[in-house]
Amino acid sequence: MRSRLARVGAAALTTALVGLVAAPASAATVVARASATGVVLTAGGQPAGSGTYEVTHDGTRQTSTGSNRPAVSALTGQSLVSAGVLAQDATTRLEGRAGRSAACAGLAGDGATVAAVGDGDCLSPGSNLSLSAGSLDLSGLRIVDSTVLAGLDQQVQDALEPALAPVVSALQNGLQTGLGQLGNPGVFLDLGAVQSSCQAGPGTAAADASLAGVAAYAQVAGRRVDLLSLPVHPAPNTHVATDLGAVATAVEDALRSQLGTALDGSLGPLGAAVDRAAVLDNVLANISSQLGPLQENLVSGTLNKQSRPSADAVDVTALDLDVLPAAAQFGMQALSLQVGRSTCGPGGQIAPAVVEQQPAPPRAVPRARVLPTRVTAGLAGDDSSFDRGQLLLAVGALLTVAVGAGALDLRRQLRRER
């Protein structure tokens, strides 16, 4: 008896444990999901961002993590983005049994307004937001003696060598003055409103990005040098690269004017033997080689960057920007910037409820009605008539009762007569 009870208890405990393990699996069913991240900025190897707002729907209700009301002030540990409006929001819903999702995210300047998620763009532009990618440190530029008389006949160089010191000194002073007049050359990015949005449902997903008022430029000697103007509605995965050849040209133009002024009167006895323009060209050729990294791609990025893990899922980033390592030669911070990342899907559908089929109750078979063809009388009849033996037994029983009752009555009368 005890062993039987132990077996029953073990079976009950096993059933309970299986139920506990299976419960979370059923609760983890997701029919729709979406997420949004306004901005992620990495400067000097230190990331800062607005966090990610994520929602999921299990067929009964929506749950969320993170914040859908981020503030620029929360981007601590960096100094590039100190103003503007952030947006990141996501939502899920059921249409019948199908799960659907939508998300949008982005960054805009002060005065921008935020719209509800699911209507496409979630930001309307305000004032332009200017981000500084860093300054160009040109203090490494220098003039070497061999460049001043480069290209001249060796005998002429030998003859003019003793008189070269004052010329080089004048050029060095002119270079330093020219660099000072350039101010602090920097690279900047203007943002009006950069944002992405997406939607997903059973078997389908769509995404888009817009970049209103976005441009890259450099500031040289108080003058803006436009480097790149970005399209408002770029095609998916549009790659762009800025080259700072225009900046190098602006630097050379400013130095040419300053060095030309410095050479006036400093050539002295060299004036008759050396062409002033030739000296200037030789010096600038040397400086241009030192500006070589500025001719290379300094900033590159992808607009409307999209990937599709499945037919009903999409990941889109409006602006994905990287500052190349060449920037480090000019004192710029290594910079990585992602603005407006939205993800939608994958999703699913609620499985229809399974109704257990109950067996139909057996149908009652109606008994056939038999109409009598004759009425039996007496003791004659067939097998369906009253049994003769039973009738005789009944009659015998009645006679026995009657005889007994008569005998008893007769006995009573005889006693009375006595």
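These numbers come from a predicted model, not from an experiment. (Residues numbered from 1 in each chain as written. Predicted model: local features only at pLDDT ≥ 70, side-chain atom pairs only at ≥ 80, totals over all residues. Heavy atoms only, no water.)

## Some remarks on the overall build of the chain
The condition is simple: Under the scheme used here, helices are H or I runs from DSSP no shorter than 4 residues and strands are E runs no shorter than 2 residues, and both carry numbers assigned from the N terminus. Type-normalised accessible area, obtained with a 1.4 Å probe on protein chains alone, sets the label of each residue: buried when under 20%, exposed when over 50%, and partly exposed for intermediate values. The contact criterion used throughout is that any non-hydrogen atoms of two residues lie within 4.5 Å. Here the open area of atoms and residues is found with the Shrake-Rupley method and a 1.4 Å probe, where only the protein chains shown may cover a residue.
When helices and strands are tallied, the chain shows eight helices and 18 strands. Burial analysis of the chain (418 residues in total) assigns 38% to the buried set. The long-range fraction of contacts in the chain, counting pairs at least 24 apart against all pairs at least 6 apart in sequence, stands at 67%. Split by element, the accessible area of the chain, about 23,600 Å² in all, is 55% carbon and sulfur.

## Comments concerning the nonpolar core
Applicable threshold: Joining through side-chain atoms within 4.5 Å is the link that ties buried Ala, Val, Leu, Ile, Met, Phe, Trp, Tyr and Cys residues into a set, and such a set is a nonpolar core.
The biggest cluster of nonpolar side chains holds 65 residues, and the ones touching the most others in it are Val148, Leu171, Leu189, Leu191, Val247, Leu259 and Ile287. Among the elements that take part in this core, helix α5 (residues 245-263) stands out by supplying seven residues, more than any other. Sequence-distant contacts of Leu191, that is, excluding residues within four places in its chain, are made with Leu107, Gly109, Ser127, Asn128, Leu129, Leu131, Ala212, Gly213, Val214 and Leu319. Of all hydrophobic cores here, the second largest spans twelve residues; its members include Ala34, Tyr53, Val55 and Cys344.

## Digging into the confidence of the model for the chain
The predicted coordinates of low-pLDDT regions are not to be read in fine detail. Let me state the cut-off plainly: The pLDDT value expresses, per residue, how confident the predictor is, ranging between 0 and 100.
For the chain, the average pLDDT comes to 78, and 71% of its residues sit at 70 or higher. Note on residues 1-27: pLDDT under 50 across the span, and one contact to partners over four residues away in sequence or across chains.

## Observations concerning the packing of aromatic side chains
The following threshold applies: Working definition: rings of Phe, Tyr and Trp (its six-membered ring) pair if their centres are within 6.5 Å, and the pair is stacked with planes under 30 degrees apart, edge-to-face with planes over 60 apart, and tilted otherwise. Definition used: whenever NZ (Lys) or CZ (Arg) falls within 6 Å of the ring centre and also within 35 degrees of the ring normal, the charge is taken to sit over that ring.
Scanning all chains against the criterion turns up one aromatic pair. Between the aromatic rings of Phe188 and Tyr217, the centroid separation amounts to 5.5 Å while the plane-to-plane angle is 20°, which identifies the pairing as stacked. In this pair, Phe188 is assigned in strand β10 (residues 186-191) and Tyr217 in strand β13 (residues 215-220), connecting sequence segments 29 residues apart. Using a relative accessible area of 21% as the deciding quantity, one classes Phe188 as partly exposed. One Lys or Arg, Arg224, reaches over the ring of Tyr217 and ends 3.8 Å from the middle of that ring.

## Description of the sheet that holds β10
Defined as follows: Pairing between two strands is assigned when DSSP locates at least 2 bridges connecting them. Axis geometry follows a simple rule: fit a line to the C-alpha atoms, using only the stretch in contact for helices, then measure angles between N-to-C directions, giving values from 0 to 180 degrees.
Taken together, four strands build an open sheet; the order of strands is β9-β10-β13-β14 and the sheet is antiparallel. Each of the sheet's edge strands pairs with one partner strand only, and the pair in question is β9 (129-135) and β14 (223-229). Mean inter-strand twist for the sheet, computed between neighbouring axes without regard to direction, equals 25°. Sheet topology note: the β9/β10 ladder contains six bridges and is antiparallel. Directly across from Leu131, in β10, lies its bridge partner Leu189. Each of β13 and β14 is contacted by α5, which is oriented at about 165° to β14, the strand it contacts most.

## As for the state of the cysteines
The test is simple: Throughout, a disulfide means two cysteine sulfur atoms within 2.5 Å of one another.
For the coordinates displayed, the defined rule picks out one disulfide. Here Cys198 is linked by a disulfide to Cys344, with a sulfur-sulfur distance of 2.1 Å. Because the torsion about its S-S bond is 80°, the bridge between Cys198 and Cys344 counts as right-handed. With Cys198 in strand β11 (residues 193-201) and Cys344 in strand β18 (residues 335-344), the pair connects residues that are 146 residues apart, well separated along the chain. Grouping residues by exposure puts Cys198 and Cys344 together as buried.

## Brief notes about empty space enclosed by the protein
Take a probe with the size of a water molecule and roll it over the atoms, and the empty space left behind shows itself. The criterion, for reference: In this analysis a 1.4 Å probe is tested at points of a 1 Å grid over the protein atoms alone, and where it fits but cannot get out there is a cavity; an open set with protein on both sides within 12 Å along at least five of seven lines is a pocket; lining residues have an atom within 4 Å of a point. Grid points are joined across faces, edges and corners, and a volume is the space filled by probe spheres set on the points. Each residue receives one of three labels: charged for Asp, Glu, Lys and Arg, nonpolar for Ala, Val, Leu, Ile, Met, Phe, Trp, Tyr, Cys and Pro, and polar for the others, Gly being one of them.
By the definition in use, this model includes two cavities of 30 Å³ or more. Approximately 210 Å³ is the volume found for the largest cavity. Ala133, Leu189, Ala216, Val299 and Leu321 are the residues nearest the centre of the largest cavity, which is lined by 23 residues in total. Those elements giving two or more residues to the lining of the largest cavity turn out to be β9, β10, β14, β15 (238-243), β16 (297-310), β17 (313-323) and β18. For the lining of the largest cavity, the element with the highest residue contribution is β16, accounting for four residues. Classifying every residue of the lining of the largest cavity gives 19 nonpolar, four polar and no charged. Here the second largest cavity defines a volume of roughly 40 Å³. Lining the second largest cavity are 13 residues, and of these Val31, Gly99, Ser101, Ala200 and Gly347 lie nearest its centre. At three residues, strand β6 (residues 98-108) tops the list of elements feeding residues into the lining of the second largest cavity. Of the residues in the lining of the second largest cavity, the class split is five nonpolar, five polar and three charged.

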